[in-house]
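If you want the building blocks of each chain, they are given just below.
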Amino acid sequence: MSTPDLELIKKHYKKLHKDWSDEEVERQALETMNKYLLLNKDKLSEAERQDKVEFEKALDRESLNSYLDNI
């Protein structure tokens, strides 16, 4: 699971609210990002853990392949 880019959120708010100042857009984008991270922290941590496990499995396979190539 990936998090949305802050610049993308800012661009969205600028398009939606053309009358807002840059400071208001920045504030609202940060607030939205923080809400997203708070609401999805369990999913994000699980996805990060899953990525770590997959990476370790890939390293193990690569190590085994390297070992077998050298036999």
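Residues numbered from 1 in each chain as written. Predicted model: local features only at pLDDT ≥ 70, side-chain atom pairs only at ≥ 80, totals over all residues. Heavy atoms only, no water.

S.K.: Before we move on, could you go through the environment of leucine 44 and cite the residues and values that matter?
M.R.: On the secondary structure map, leucine 44 appears in helix α3 (residues 41-69). Overall, the relative accessible area of 15% leaves leucine 44 in the buried class. Linking leucine 44 and threonine 3, residues 41 residues apart in sequence, is a C-alpha distance of 8.2 Å. (Helix = DSSP H or I, 4+ residues; strand = E, 2+ residues; numbered from the N terminus. Buried < 20%, exposed > 50% of the residue type's maximum accessible area, 1.4 Å probe, protein only.)

S.K.: Break down helix α2 (residues 22-39) for me, citing the residues and quoting the values.
M.R.: Relative to the 26 Å expected for 18 residues at 1.5 Å per residue, α2 spans 26 Å between its end C-alpha atoms, a close match to the ideal helical length. Every buried residue belonging to α2 is among Val25, Gln28, Ala29 and Met33, and all of these are buried. Angular distribution of buried residues about the axis of α2 spans 135°; they occupy a single face of the element. Summarising the geometry of α2, the exposed residues directed more than 90 degrees from the buried face are Glu23 and Leu38. Buried residues along α2 sit in contact with α1 (6-16). (Expected span 1.5 Å × (residues − 1). Arc of directions from axis to C-beta. Contact = heavy atoms within 4.5 Å.)

S.K.: Got a sec to walk through the packing of α1 against α2? Specific residues and values, please.
M.R.: Following both chains from N to C, one finds α1 and α2 inclined at 125°, their axes separated by 9 Å at the closest point. Classified by the interaxial angle, the pair formed by α1 and α2 is oblique. Considering the relative orientation of α1 and α2, their crossing is right-handed. Touching Leu6, Ile9, Lys10, Tyr13 and Lys14 of α1 are Asp22, Val25, Glu26, Gln28, Ala29, Leu30, Thr32 and Met33, all from α2. Residues belonging to the contact of α1 with α2 are distributed by class as follows: 7 nonpolar, 2 polar and 4 charged. (Axes fitted to C-alpha atoms, helices over the stretch in contact; angles between N-to-C directions. Parallel < 35°, antiparallel > 145°, perpendicular 65-115°, else oblique. Left-handed = near helix turned anticlockwise from the far one by under 90°. Nonpolar A, V, L, I, M, F, W, Y, C, P; charged D, E, K, R; others polar.)

S.K.: An account of the pattern of salt bridges is needed here, citing residue identities and associated values.
M.R.: Throughout the structure, instances matching the rule amount to 6 salt bridges. Where lysine 10 meets glutamate 26, a salt bridge forms, and the shortest distance between an N and an O atom there is 2.6 Å. Of this pair, lysine 10 sits in helix α1 while glutamate 26 sits in helix α2, and the two are 16 residues apart along the sequence. Residue class for lysine 10 comes out buried when judged on its relative accessible area of 15%. A relative accessible area of 29% means that glutamate 26 is categorised as partly exposed. Overlapping salt bridges bring together Glu24, Arg27, Glu31 and Lys35 as one network. (Salt bridge = Lys/Arg side-chain N within 4 Å of Asp/Glu carboxyl O.)

Remember that the coordinates give geometry; whether it matters functionally is a separate question.
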